[in-house]
Amino acid sequence: MNGDLRDLHQEILDLGTQGMVMNMGPQHPSTHGVLRLILTLDGEEVMACEPVIGYLHRGLEKMAERRPYRHFLPFTDRLDYVCSLANNLACAQAIERLAGIEVPDRAQWIRVALMELNRIASHLLFLGTFGTDLGATTMLLYAFREREEALALLEAITGARLTYNWIRVGGLPDDMPENWDKGVLAFCDLLESRVGEYDRLLTDNPIFRRRTEGVGVIPAEDAIAYGLTGPTLRASGVEYDVRRWAPYEKYAEIDFDVVVLRDGDTFARYLARRLELEQSVRILRQVFDRMPEGPIASKVGKVLKAPPGIAFSQVESPRGELSFTMVSDGSPNPQRVHIRAPSFANLTVLADLVVGNKVADVVAILGSIDIVLGEVDR
Amino acid sequence: MIEQALANPWIRQLANAALLLAVINLGVLVLIYMERKVAGFIQSRLGPVHVGPRGWLQSVADALKLILKEDIIPAPADRFLFVLAPFFVFVPVLAVFLVLPFNAGWVAHDFSLAALYVIAAGTVAIMGIVMAGWGTNNKYSLLGGLRSAAQLVSYEIPVVLAILAVVFYAQSMSLVDIAEAQRGFGWFIFHPPLLVAAFVYMIGQLAETNRTPFDLPEAESELVSGFHTEYSGIRFAMFFLAEFANTFFAAALAVVLFFGGWDGLPGLTGALWLVAKSYVLVFVLMWIRWTLPRVRVDQLLGFAWKVLVPIGLIVVLWAAASVVYAGGAKP
Amino acid sequence: MAQAELKERFEGALGGLAEAVEAEGSLVRVRVALPNLRAALLALKTSPDTACDFPANLTAFDTGQEMTLLYRLASIPNRWQALVSCPLDREDPKAPSVADLWPGFNWFEREVYDMFGVAFEGHPDLRRILLPDDWEGFPFRKDYVSKPSGSPLKGPQPTDLGEQA
């Protein structure tokens, strides 16, 4: 991937030629948070790129070691703050696997609904910000119009719009409000009628196509070697979706397509997310048809202790595979919690990917990888 | 008394300039309001609503805010260039309005090389942008300034070629003569070569006025506003004012060149027709701005040199041929 | 696939490199001694029997007595994954780098170095990644005394890079 170009540029730099070193970030409108890229430029062309992270590091994993298992759940909201329910779920799931706690069927189905609704909200945010990165500011407003509806539905059930903290070890804190399912199904219809607008505005726009097609191509073997996950990996033609690969909750019983595209370029990464919207709608429609009656949480003791051992969860967050690894020594506090953040892994590819591209492409490529810095820095 | 004073050519010109300045500034305030409202409705939101009825006074409030703001000059900046740059951008934009005919006889100063003057004066603004980019001593601004220089120089050519085609038809470089030649709905846009020229002109002007999809020098999401990143307060207001005045001028010039100038249905005064037609064109520019993404710098320059310039050259030859062999617009 | 067969595949691929192999669903837990670590990971990646070429995760944990590296490698088409654990010398933690086998592990190794002070030998660019460059100590070791240090704003400076170039 860009190997020859990278070598060429390194050779030029080794000769003693100085490029212009430009700091992109940590304060920059298109780095999606406090990411800093140290770019070495030759005119508009990028010769070298060094991402610097850690500006948002809060030591969440260390905090987890100092408190009982369940007390860490609210902290996970602050990881990927665009899709905090996925973090809640990954954390709860790791604890459930470590302590061997079962989750009732109804809670599992509601969890699936929450996941997909939050995925839609996250992908809509991506569509909007990606459009803005490329100068199509109107897309942001269109995407936020629908995202607002999704957030309102999540607010109706969780009471919050961004940091939900709604998944508990062993289930959920409360059942769905009355008629919530009708609201979600109405939202599904609304979203389906609106995605055509996104296509007309952005997907089919020739300028947008020329800005994204063939830019920042990641071949499948590189995508695997870099440990990419989520739509970023699937856009390169690798079929890896944790919902299908290692099904959790009720995903094994649900009929949906894993969106896999071939090209591996910026456009494919955009399109993968755009197409996943429709798959999420498809999943949501099935959830309420099959929702059983029953309890929404299993009984968990006041003091949660897990037998010594290692367990990890795997959740398909909108950005990729989110995994909490928990090590227990039998005490009420975990001995170690590690968060495998999909954005962190996906960001590793950026430095090699942007070399040889223009400054404007750095913004497009970074946007298409769709990182959330809260998760990268933890 | 006033008539006596106006008989003096100096005072007369000064009065014209003052009147023009007032018209431009008022027009720009209206344009900014219009831009916000148009953007609002395109983006399915309301735009300004709070200051004044329907947000009418929002632009005024913003202008006041900008004037009252602290004037900041960054320490590493080249003070001389930094201070001078806004004037280099602002003054040429005002200067080109001098030759714009609003109605029969309503022109501050008409002369036989007006079309050439418009092109020449407009080019000076590039200097200002490069000065701002360099003088700020900021790498984003420098990139913005360089992009801007490349872009404006490239797109100047198709614009000139399009104007040249019109000049062939009108057989004059005076904007007044060009507008006069189109009276009675003999608009140049109805002639096939000039229809193409009008497209070339509008695309070129879109780039000249730094508007999306050609807003690379400013590129909010890449260069953080490019050449005017470090400008604030009144100096920023000058860039801002110049941009909108330029947009209006580009549209008004298009009306004079292709859409019959002040020609319209009888009953309304010609100036109103000119302004109305200009606003329609400005609306089209805004519509494009709020719909399209931004192109990349290599695509931008490639489009100018590989597409627009060849088309412009063909249009010039085509227009010349149709004037010589088919009689063109005039007998 | 039966768990016994899965276990056999992994044992076959690893030869004598592993100390223990256990299969549990589609997850194979492998324990490796430090001298065999790189060879074992390479075998898991390249052997057609295991084909674990996807670098899913790398982390470490410290119990106070023992420090352990945890690698998770997956084989996407075969739907199985391996959790490789490797105990380290706690006094002088060192491990061979696998950033050349999987560029995706480059940052993960930097993170483990940042938090535990594990020196990955052969890593192209072993620097702190999340903590400030001048942070003292390795906070995830159990004997670490929590004390903020380092300046939150310090990172690689453009001037340093200019000199490198």
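Here goes a summary of the coordinates provided. (Residues numbered from 1 in each chain as written. Chains lettered and ligands numbered in written order. Predicted model: local features only at pLDDT ≥ 70, side-chain atom pairs only at ≥ 80, totals over all residues. Heavy atoms only, no water.)

**With respect to the overall build of chain C**
Of the regular secondary structure elements, chain C holds four helices and seven strands. Going from N to C terminus, chain C has its helices and strands arranged as α-β-β-α-β-β-β-β-α-β-α. Put simply, 47% of the contacts in chain C that link residues at least 6 apart link residues at least 24 apart. Entry remark: accessible area of chain C is about 7,100 Å², with carbon and sulfur atoms responsible for 50%. (Helix = DSSP H or I, 4+ residues; strand = E, 2+ residues; numbered from the N terminus. Contact = heavy atoms within 4.5 Å. Areas by Shrake-Rupley, 256 points an atom, 1.4 Å probe, with all protein chains shown as cover.)

**What to know about a negative patch on the surface**
Negative charge collects at one region of the surface, where Asp-4, Asp-7, Glu-11 and Asp-14 of chain A lie side by side. Here Asp-14 of chain A is to be found in helix H1 (residues 3–14). (Patch = residues over 30% accessible without salt bridge, like charges linked within 9 Å, V, L, I, M, F, W, Y side chains within 5 Å. Salt bridge = Lys/Arg side-chain N within 4 Å of Asp/Glu carboxyl O. Lys, Arg positive; Asp, Glu negative; His and termini not counted. Charge placed at Lys NZ, Arg CZ, Asp CG, Glu CD.)

**Concerning the sheet that holds strand S4 (residues 67–75) of chain C**
All names here are of chain C. Read from one edge of the open sheet, five strands run S1-S2-S5-S4-S3, paired in mixed fashion. Looking at which strands have only one partner, the edges of the open sheet turn out to be strand S1 (18–24) and strand S3 (54–62). Taking the axes of each pair of neighbouring strands and ignoring which way they run, one obtains an average angle of 15° across the sheet. Note: S4 against strand S5 (residues 80–88), nine bridges, orientation antiparallel. The residue of S5 that forms the bridge with Arg-72 is Leu-83. Here helix H1 (residues 3–14) sits on the sheet in contact with S1, strand S2 (27–32) and S5, set at roughly 155° to S1. (Pairing = 2+ DSSP bridges. Axes fitted to C-alpha atoms, helices over the stretch in contact; angles between N-to-C directions.)

**Some points on the interface of chain C and chain A**
With 46 residues of chain C at the contact, the number on the chain A side is 47 residues. The junction of chain C with chain A conceals about 3,900 Å² of combined surface from both sides, 62% of it contributed by carbon and sulfur atoms. Three residues, Trp-107, Leu-130 and Phe-140 of chain C, lead the burial of chain C against chain A; their summed loss comes to 18% of the area buried on that side. At the surface where chain C touches chain A, the tally comes to four salt bridges. The partner of Glu-65 of chain A in a salt bridge is Lys-142 of chain C, and the shortest N-O contact between them spans 3.3 Å. Among the secondary structure elements, those contributing two or more residues to the side of chain C that touches chain A are S2, S3, S4, S5, helix H3 (105–116) and helix H4 (158–164) of chain C. In terms of residues, the side of chain C that touches chain A owes the most to one element, S3 of chain C, which gives nine residues. Of the residues that constitute the side of chain C that touches chain A, the class distribution is 27 nonpolar, ten polar and nine charged. (Buried area = accessible area lost by both parts, 1.4 Å probe. Nonpolar A, V, L, I, M, F, W, Y, C, P; charged D, E, K, R; others polar.)

**Some remarks on the interface of chain B and chain A**
With 25 residues of chain B at the interface, the matching set in chain A holds 34 residues. Across the chain B/chain A interface, buried area totals approximately 2,500 Å², and carbon plus sulfur atoms make up 58% of it. Connecting chain B to chain A are two salt bridges. Where Arg-147 of chain B meets Glu-44 of chain A, a salt bridge forms, and the shortest distance between an N and an O atom there is 2.5 Å. Looking at the side of chain B that touches chain A, the elements that each hand over two or more residues are helix H6 (139–170), helix H9 (220–223) and helix H12 (297–326) of chain B. Broken down by element, the residue count for the side of chain B that touches chain A peaks at five residues, all from H6 of chain B. Of the residues contributing to the side of chain B that touches chain A, the split by class is eleven nonpolar, six polar and eight charged.

**Focus on the nonpolar core**
Counting residues in each nonpolar core, the largest one holds 177 residues, and the members touching the most others are Trp-180 and Phe-324 of chain A together with Leu-69 and Tyr-71 of chain C. Of the residues forming this core, the biggest block, 14 residues, is contributed by helix H5 (residues 105–133) of chain A. When near neighbours in sequence (up to four residues on either side) are disregarded, Tyr-71 of chain C contacts Leu-37, Leu-41, Asn-57, Leu-58, Ala-82, Leu-83, Val-84, Pro-96, Val-98, Phe-105 and Phe-120 of chain C. Core analysis: the next-biggest nonpolar cluster, separate from the first, contains 95 residues, Ala-85, Ile-119, Tyr-169 and Ala-252 of chain B among them. (Core = buried A, V, L, I, M, F, W, Y, C linked by side-chain atoms within 4.5 Å. Buried < 20%, exposed > 50% of the residue type's maximum accessible area, 1.4 Å probe, protein only.)

**Points about the packing of aromatic side chains**
According to the stated counting rule, one finds 33 aromatic pairs over all chains in the structure shown. Summarising the aromatic geometry, the rings of Phe-267 of chain A and Tyr-270 of chain A are spaced 6.1 Å apart at their centres and angled 35° between planes, so their arrangement reads as tilted. Placement of both Phe-267 of chain A and Tyr-270 of chain A in helix H12 (residues 266–289) is noted, with a separation of three residues, approximately one turn of the helix. In this structure Phe-267 of chain A comes out as buried when scored by relative accessible area, which is 6%. A ring pair is formed by Phe-248 of chain B and Tyr-279 of chain B, whose centres lie 5.6 Å apart and whose planes are at 50°; its orientation type is tilted. Taken together, the residues Phe-248 of chain B in helix H10 (residues 233–258) and Tyr-279 of chain B in helix H11 (residues 270–289) connect sequence positions 31 residues apart. A single burial state applies to Phe-248 of chain B and to Tyr-279 of chain B, both of which are buried. Its guanidinium or amino end placed over the ring of Tyr-142 of chain A, Arg-145 of chain A lies 4.7 Å from that ring's centre, counting from NZ or CZ. Here the basic side chain of Arg-273 of chain A rests over the ring of Phe-126 of chain A, its NZ or CZ set 4.5 Å away from the ring centre. (Phe/Tyr/Trp six-rings, centres within 6.5 Å; stacked < 30°, edge-to-face > 60°. Lys NZ or Arg CZ within 6 Å of the ring centre and 35° of its normal.)

Geometric descriptors of this kind do not, in isolation, establish any biological role.
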